[in-house]
Amino acid sequence: MAKKNFTLNVNGKVRQVTAELDEPLLWVLRDNLGLTGTKFGCGSGECGACSVLIDGEVRRSCRVPVAYAALGREITTIEGLGTTGNLSPLQKAFIDHTAFCCGFCTPGMLITATALLAKNPYPSREEIITAMDNNLCRCGSYLNVIEAIEAVIKAT
Amino acid sequence: MNMTRRQFIASLGSTGLFYAFHFTSKSGAQTQSVEEPFTAMVDPGCVVSDMDIDYTDWIAFGPGDKVSVFTGRAELGQGLKTVITAIVTQGLEITRSNLAVVMGDTDLCPDDGITSGSSSTRMVGWGFWLACEKITGDVIARASQYVGIPADDLEFRRGGVGRKGETGNLVNASELGNGKTLIMTINPRTMSAGKKYTDLKIPNVNAEEIITGRLKYVGDLKKPGMLYAGWLCTPYHRTVTKLKSVDAGAALALPGVKKVETVWGRVAVLGERYSDVIKGLDLVETTWSEPNRPKEMPLEEARANAGLLAVEEQKGDINAGLSASDFTYSENYTTHYTCHCQLETDMAVAQVENGGDKAAVWVSTQHSHKAKELIADALHIPPENVRSIGMPAGGAFGGKQANPVNREAAKLSSLVGAPVKLVYSRKDQFQLRAFFKAACIIEVTSGVSANGKILARKVDSYQDVGHGTKHTYDIPHVLVKAYRDPNWPLGLASSRGTSYVQTCFATESHIDMLAHKLGIDPLEFRRKNVEFPAYVNLIDSCADMIGYGKNELEADEGIGLAIVLHGGAQLGAIAAKVAVNRNTGKITVKRLCGAFDIGTVINLNTATVGLRGGMAWGIGYALSEEIELDGHSTKTEYFSQYRIARFSDMPPIDISFHDNHQPGSPPRGCGEMPVIPTIGAIANAVYNAVGVRFYSTPITPEKIKNALGSATREAI
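Residues numbered from 1 in each chain as written. Chains lettered and ligands numbered in written order. Predicted model: local features only at pLDDT ≥ 70, side-chain atom pairs only at ≥ 80, totals over all residues.

> Would you mind showing me how to read the overall build of chain A here?
Looking only at helices and strands, chain A has six helices and five strands in total. In sequence order, the secondary structure elements of chain A are arranged as β-β-α-β-β-α-β-α-α-α-α. Against the globule reference of 15 Å for 156 residues, chain A gives a C-alpha radius of gyration of 15 Å, in line with a compact fold. Taking the principal axes of its C-alpha atoms as reference, chain A extends roughly 50 × 30 × 25 Å. (Helix = DSSP H or I, 4+ residues; strand = E, 2+ residues; numbered from the N terminus. Rg over C-alpha atoms; globule rule 2.2 N^0.38 Å.)

Here you go:
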């Protein structure tokens, strides 16, 4: 398949990339743009490590072709959530509640939780679990993630 | 960090102060100090186990007020870097910004053993704890000579020494070196901490990098001219088939595919991008020999062919003990295959240069120095030509002890003459790596006296990989044997816990059955028979937390208990409460309560999240995780076919810490231990709920439905 030029809107910046039409967004983010916070965990959209926001919706970037993401859509990766000195409330709460061990699933967890709270600032515990349930964490830090999300809800 | 250790030491200047701490439990190795020129130092051979501590860690002062500590161990998510940081900043009274923790780089760090067996805090953390105490004493003595003030008038503070009663420091520790290494031998068995460390509840030191996506794992590295690589997944287990032919023409016709290599009887595709590799792998045509064994592979086959692996425990006279018993009872339990499922698949980046003579390999492994050895072997070059650089791992759990991806990446880089990033797909983890926690047969027989004391216990465990049982109960006559089929076609792994994960399910289910047969409450039966008095406290604590015996259960709910002894002296008791849905067969874990006696807890944050995570593993093991395979191949390919515990599987968890077993003792570890009794506690809770004993794991909805359709409720 021939390579094409695409314009991506990532974390509020316009980026030009060259890739094949069906190249998964995950690898364009990681290899073309150096945004390696988005992780490869399964390649079949089942683990959530590659989660990004596309127009505010949680998407598995390993299953989204770059051509789709390039249609004027707004892409947000973990690098776009907040940086040192300007962390989002969820990022701070993840630290305060030790919501990770190895940290490999954490970018996907934060992306999914960010989308949840943007749509529903006061979710119940059941709603949190439903929204987060397809993000896997093999270290098993789930309860700490829930506590971090609930701390943000309480402070809102 | 692009320097060798020697260059690093040189950068300290002539005044840098460098300590090597040799931790040993060998008799006669009393605490002593020997100075040697740095150049004479070699990495000591390493034997790290509970029986024979023997390893070395390093601490360097300088330049200025900077301090660096060096360990060959790995950060796997267990929080070792955080624990070391907490200990050394407090022990040497220095700030975090003045401390560098260098881990897992074979050019810079000593070989202090494999990062496994819940030993990070217990051995390395404790080692640095003792080392800091030795250092402060030594630095005061040196400063006393240097400034001509009696040592009694001096005190150690902020990485240097000052006069008691005054505020400023007279000298920095780094000014007291002489270009030599001070080697101190410490016997952690005989040395106890004089100083009480407190308030070490610090956040993960990698936290900000993790939550901003900046922490670099091995897969995040990129080298100029680097190619991606992936293996063709074999259609059968690798041990039962051989590659007969390869046609790479169609794959090589793709513009992004650069090479197709056949090496070690396997086929790798190398391309510019990972997508090129995936597409190339789809187009490679191969033929393989028919499997050299039957497709059926019942566990009984292993039992029939097994040889003795070890006599794990022998005490008293088992036959006499059974004969003297008023009641004997035998049961057989079986377990199933499980996979580590680290979210980070096996990956490595290798850069082999100089015509294949020199290799740098970035690794995600539990033992960088072992990786270095294996890489050197694979390339047929001397180990000193290999540098293995440990990166933070996205989980390991026993699956990255000598993970082949490191030497495979090096081999491919050497073949193609370019840096290579080798990536295992999720399917590869299940089918190509095929490194599973063993399915076991556990045969257990107990003899009990009329008054409810266990007199004898015999355990035969097949496909055990070792360390399968522990004497949690005070039994005078014990014989435990582990067996293994040497020709079994699958690699058998330890995975967050030794074979004790499997045998504890069996023995703790068996203890409950004994109690029921004798008409004794399982809690009382345990209390009466435990090996250590500290267990009584733990059992009572978790029973109290979960409401044991309070008659608050609804229909088809139940509570179960299990106890554990792991890694020497990690004591735990877990109570589980479950609800069983008779229509769907679904078991819901409603609550888990754990009581633990594990020595000093250095970092409550990492200990708590680790204990909870271990219980999550126990839930997955007990109820849902199961690799599907036969004698020819592994069928499991996706997470959707292999359910690890998820958010919706997690109950509320209560944890209490106790310090009765060895009061005030050093940390004794807790990484694997909580997995182990969770399984038995859940199985016992299911029995309590519906009155049916399940003799095999996992206890799936199908098993529940089948059993409840036919079984009658046994007396409880």
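> Would you mind showing me how to read the interface of chain B and chain A here?
For interface size, the figure often reported is the accessible area lost on association. At the junction of the two partners, chain B supplies 48 residues and chain A supplies 45 residues. Residue assignment for the side of chain B that touches chain A shows that the elements contributing at least two residues are helix H4 (207-211), helix H6 (274-283) and helix H15 (604-623) of chain B. No other element matches the eight residues that H15(B) contributes to the side of chain B that touches chain A. When grouped by side-chain class, the residues that make up the side of chain B that touches chain A number 21 nonpolar, 19 polar and eight charged. (Contact = placed C-beta atoms within 7 Å. Nonpolar A, V, L, I, M, F, W, Y, C, P; charged D, E, K, R; others polar.)

> Can you walk me through the domain arrangement of chain A in this structure?
Residues and elements named next belong to chain A. Domains assigned within chain A are domain 1 (3-80) and domain 2 (89-155). Domain 1 and domain 2 are separated by 22 Å when their C-alpha centres are compared. Contacts between the two partners involve 14 residues from domain 1 and, on the opposite side, twelve residues from domain 2. When its residues are assigned to classes, the side of domain 1 that touches domain 2 shows seven nonpolar, five polar and two charged. (Domains from an automatic or database assignment.)

> How do you make sense of the packing of helix H12 (residues 500-518) of chain B against helix H13 (residues 522-529) of chain B when you look at a structure like this?
Any two packed helices are characterised by the angle at which their axes cross and by the distance between the axes. All names here are of chain B. Between H12 and H13, the shortest axis-to-axis distance is 9 Å and the interhelical angle comes to 110°. Judged by the inter-axis angle, H12 sits roughly perpendicular to H13. Across the interface between the two elements, Ile-511, Asp-512, Leu-514 and Ala-515 of H12 pack against Pro-522, Phe-525 and Arg-526 of H13. Of the residues belonging to the contact of H12 with H13, the class tally is five nonpolar, no polar and two charged. (Axes fitted to C-alpha atoms, helices over the stretch in contact; angles between N-to-C directions. Parallel < 35°, antiparallel > 145°, perpendicular 65-115°, else oblique.)

> Any chance you could explain the confidence of the model for chain B here in plain terms?
A low pLDDT score tells you not to read the predicted coordinates there in detail. All names here are of chain B. When pLDDT is averaged across chain B, the result is 91; 91% of the residues are at 70 or more. This stretch, residues 36-51, has a pLDDT under 50; its non-local contacts, to residues over four places away or in other chains, come to 31 contacts. On the interface metric, ipTM, the complex scores 0.98, and its pTM is 0.95. (pLDDT = per-residue confidence, 0-100.)

> Sorry, what's going on with the sheet that holds strand E19 (residues 358-363) of chain B here?
Note: strands within a sheet are paired through backbone hydrogen bonds, in either parallel or antiparallel orientation. Residues and elements named next belong to chain B. If you trace the seven strands from one edge of the open sheet to the other, you get E12-E13-E10-E21-E18-E19-E20, paired in mixed fashion. The sheet is open, and its two borders are formed by strand E12 (257-263) and strand E20 (386-390), each paired with just one other strand. This sheet shows a mean twist of 20° between the axes of neighbouring strands, independent of strand direction. Each of strand E10 (227-231), E12, strand E13 (266-271) and strand E21 (420-423) is contacted by H6, which is oriented at about 140° to E13, the strand it contacts most. (Pairing = 2+ DSSP bridges.)

> Hey, could you run me through the nonpolar core in this one?
Side chains of a nonpolar character, in soluble globular proteins, are inclined to be buried together. Core analysis: the biggest nonpolar cluster contains 265 residues, and Ala348(B), Val361(B), Ala575(B), Ile682(B) and Val686(B) have the highest contact counts within it. Apart from residues no more than four positions distant in its own chain, Ala348(B) is found in contact with Val218(B), Val361(B), Trp362(B), Val363(B), Val405(B), Asn406(B), Ala409(B) and Leu422(B). (Core = buried A, V, L, I, M, F, W, Y, C linked by C-beta atoms within 7 Å. Buried ≥ 20, exposed ≤ 12 C-beta atoms within 10 Å, placed from the backbone.)

> Just to check I follow, could you spell out the environment of Leu571(B) for this structure?
Residue and element names in this part refer to chain B. Its location among the elements puts Leu-571 in strand E28 (residues 570-580). Along the backbone, Leu-571 and Gly-669 are 98 residues apart, and their C-alpha atoms lie at a distance of 9.8 Å. In contact with Leu-571, other than residues within four places in its own chain, are Phe-532, Ala-534, Tyr-535, Leu-538, Leu-565, Phe-596, Asp-597 and His-661.

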